[in-house]
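Here is how the chains run, residue by residue.
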Amino acid sequence: MKIQISKQKNENYTIIIGCGRLGANLANTLSDNGEDVLIIDKNKEAFRKLSPAFGGLTLNGDATDLDILLEAQINNATTVIAVTNNDNANILVAQIAREIFHIERVIARLYDPEREYVYHEFGIDTICPAILSVKEIDKILSRPDMLKDRLQEAES
Amino acid sequence: MKTKVLLVGGRSKAKSLAVSLINKGYQVTVINDTLEDCVKLSEIDRLTVIHGDGTRPFVLEDASAQDADIAIAMTAKDEDNLVICELCKKKFQVKKTVALLTDPKKTDFFYKMGIDSVVCAITAITGIIEQQAFVDKITTLIPIGEGRVNIAEVPIPGSSPAVGKKLWEINLPKEVIVGCILRGDMTMVPRGDTRILAGDMLVLISSDKQEMAAIQELTGR
């Protein structure tokens, strides 16, 4: 009898830069979904935020250094997500990923809404926590009963 | 109409550059994100000082970046310099942007992102140190074209094997020409049959780092 291991070959390879709360959570989620993930951080200690079940790779180094990106095999990456706590470093890495390595999907997290607006115009996919929060809060405020519904949901 | 220059970041570099530019008649504005540096900078006459983070669009707006002709980014961080130049170029339509760069590997990338001039501190400084340490015969060496071409001033000592020879008798590398000879108060553009005398000052133009071989040939050291 032949045992067939049906391991679906995953073609997505995501590189996450910055192992903060967002980076680590994102890495955990993608890893749980069975995707190939590599996470880079300057600080080794930062990798403690990853869950014990994290099945991806970690790389200790400065991602604004081209050698580190090459070590991470950025050439094979399908997605690069820059979520360090430094807006400008995120911009730099995102632009390197797009212009030098021609990565299909590049996302950068920018804290400063004004800078986010400018770089969005430059054609980088950006997300801004402040703007996202504003939208979400606005949504809740526009429907006062929604918050109550959610609380009830959580209780039951 | 004065040429307007915007300097972002840089501590002592910003100070000396600002003074030098003001003396040359430029209108200079500096942006610096440490208050201490700003206070020191504000002691300079005719200098506009803005305290703030130059990588943020509204700070650049406060500094009237839209009116600047040249923007120079010289913070210690490469990523900040990239963002400053990109914002100046694309949002404020500054004609010329100059970025200081620490990591030489990113030079091409910076040019690709539309920055007009990239100055790599490490490459420039190591080049100068190399010259100072090993070429004591040269009094001045001016690199042009990103250091691919050098203009060097070479004094000819009496002990030099080239003394008394005609230019065509000296075996100079192909990539080097003697552009000018300074002899006392005289300045002459030499031809092949010009004789080199002790005490001459030769001005060499060389490409491909051939000046060392030429200097050795001329001075015998």
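Residues numbered from 1 in each chain as written. Chains lettered and ligands numbered in written order. Predicted model: local features only at pLDDT ≥ 70, side-chain atom pairs only at ≥ 80, totals over all residues.

Looking at the sheet that holds strand β4 (residues 79-82) of chain A
Residues and elements named next belong to chain A. Strand order in the open sheet made by the six strands is β3-β2-β1-β4-β5-β6, with parallel pairing throughout. The outermost strands of the open sheet, each flanked by one partner alone, are β3 (57-60) and β6 (125-127). If you compare each strand with its neighbour and ignore which way they point, the axes differ by 20° on average. When strand β5 (residues 105-109) meets β6, the two strands line up parallel, connected through three bridges. In the strand pairing of β6, Ala108 is matched with Thr126. Along the sheet face, helix α1 (residues 21-32) touches β1 (13-17), β2 (36-41), β4 and β5 and points at about 165° away from the line of β2. (Pairing = 2+ DSSP bridges. Helix = DSSP H or I, 4+ residues; strand = E, 2+ residues; numbered from the N terminus. Axes fitted to C-alpha atoms, helices over the stretch in contact; angles between N-to-C directions. Contact = placed C-beta atoms within 7 Å.)

Re the pairing of strand β3 (residues 48-51) of chain B
Residues and elements named next belong to chain B. Here four bridges tie strand β2 (residues 27-32) to β3, and the two strands are oriented parallel to one another. Directly across from Asn32, in β3, lies its bridge partner His51. With helix α2 (residues 35-41) bridging β2 and the parallel β3, this β-α-β connection has right-handed handedness. (Right-handed = clockwise from strand over helix to strand, strands pointing away.)

Side note on the packing of helix α3 (residues 87-99) of chain A against helix α4 (residues 78-91) of chain B
Orientation of α3 of chain A relative to α4 of chain B, taken along the N-to-C sense of each, is 80°, at an axis distance of 8 Å. Compared by their axis directions, α3 of chain A and α4 of chain B come out roughly perpendicular. Contacts from Asn88, Ala89, Ile91 and Leu92 of chain A in α3 of chain A reach Asp78, Glu79, Asp80, Leu82 and Val83 of chain B in α4 of chain B. When grouped by side-chain class, the residues that make up the contact of α3 of chain A with α4 of chain B number five nonpolar, one polar and three charged. (Parallel < 35°, antiparallel > 145°, perpendicular 65-115°, else oblique. Nonpolar A, V, L, I, M, F, W, Y, C, P; charged D, E, K, R; others polar.)

Section: the confidence of the model for chain B
On average, residues of chain B score 87 in pLDDT, and 97% of them are at 70 or above. Predicted complex, confidence summary: ipTM 0.79, pTM 0.74. (pLDDT = per-residue confidence, 0-100.)

Examining unusual backbone geometry
Phi at Gln73 of chain A is positive, roughly 55°, even though this residue is not glycine. Tracing the sequence through the fold places Gln73 of chain A in the loop between α2 (66-71) and β4. Residue classification places Gln73 of chain A among the partly exposed residues on the basis of 13 C-beta atoms within 10 Å. With a phi angle near 50°, Ser64 of chain B is a residue other than glycine that sits in the positive phi range. As for its position among the elements, Ser64 of chain B is in the loop between α3 (57-62) and β4 (70-73). Look at Ser64 of chain B and you get partly exposed, because 14 C-beta atoms sit within 10 Å. (Buried ≥ 20, exposed ≤ 12 C-beta atoms within 10 Å, placed from the backbone.)

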